[in-house]
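What follows is each chain in one-letter form.
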Amino acid sequence: QVQVQESGGGLVQAGGSLSVSCVASGKIFSINDMGWYRQAPGKQRELVATITKAGSTTYVDSVKGRFTISRDNAKNTIYLQMNSLKPEETAVYYCHAEILLAINWSEYWGQGTQVTVSS
């Protein structure tokens, strides 16, 4: 059984910084792309950033230059460092991973971690 678990998050003032992390555990053969998504109240879930196994990254335009996604393949872990946070970025942040178990690739989501940015 595979688990994807986020940690970090919390409350921060506008302009502040916060870091979240995500670890995948279980009988994992390999992990392909991993990423962070967020969902604000009343809005659709949106992509924030992704990172490949080789370390290539993509970001939604609104976070470029402020957020940094990184990855530790040995620990099956990704991180998201968020700087200069804005109140409109208050959301539940979800981790996503493409994981190979025996012979099939499957997508897994974490339960989410709340990030609240106060104005």
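For the structure, check the block above.
Residues numbered from 1 in each chain as written. Predicted model: local features only at pLDDT ≥ 70, side-chain atom pairs only at ≥ 80, totals over all residues. Heavy atoms only, no water.

Peer 1: Explain the state of the cysteines to me, please; I cannot follow it from the model alone.
Peer 2: Structurally, a disulfide amounts to a covalent bond that connects the sulfur atoms of two cysteines. Summed over all chains, the structure comprises one disulfide. There is a disulfide in this structure between Cys22 and Cys95, and the S-S distance comes to 2.0 Å. On the sign convention where negative is left-handed, the bridge of Cys22 and Cys95, at about -75° about the S-S bond, is left-handed. Residue Cys22 is found in strand E3 (residues 18-25), and its partner Cys95 is found in strand E9 (residues 91-100); the two are separated by 73 residues along the sequence. Considered together, Cys22 and Cys95 belong to a single accessibility category, that of buried residues. (Disulfide = S-S within 2.5 Å. Helix = DSSP H or I, 4+ residues; strand = E, 2+ residues; numbered from the N terminus. Buried < 20%, exposed > 50% of the residue type's maximum accessible area, 1.4 Å probe, protein only.)

Peer 1: I keep staring at the side chain of Thr77 and nothing clicks. Help me out?
Peer 2: Following the sequence through the fold, Thr77 ends up in strand E8 (residues 77-82). Look at Thr77 and you get buried, because its relative accessible area is 8%. Within polar-contact distance, the side chain of Thr77 engages the backbone oxygen of Lys75 at 2.8 Å. Ignoring any residue separated from it by four or fewer positions in sequence, one finds Thr77 in contact with Cys22, Val23, Ser70, Arg71 and Asp72. (Polar contact = N/O pair within 3.5 Å; in protein donor to acceptor, adjacent residues only side chain to side chain. Contact = heavy atoms within 4.5 Å.)

Peer 1: What's the story with the pairing of strand E11 (residues 113-118) in this structure? I'm lost.
Peer 2: The side chains of a regular strand alternate, first on one face of the sheet and then on the other. Of the two faces of E11, the one holding Thr113, Val115 and Val117 is buried and the one holding Gln114, Thr116 and Ser118 is not buried anywhere. When E9 meets E11, the two strands line up antiparallel, connected through three bridges. Note that in E11 the partner of Ala91 across the bridge is Val115. (Pairing = 2+ DSSP bridges.)

Nothing here speaks to function; it is geometry throughout.
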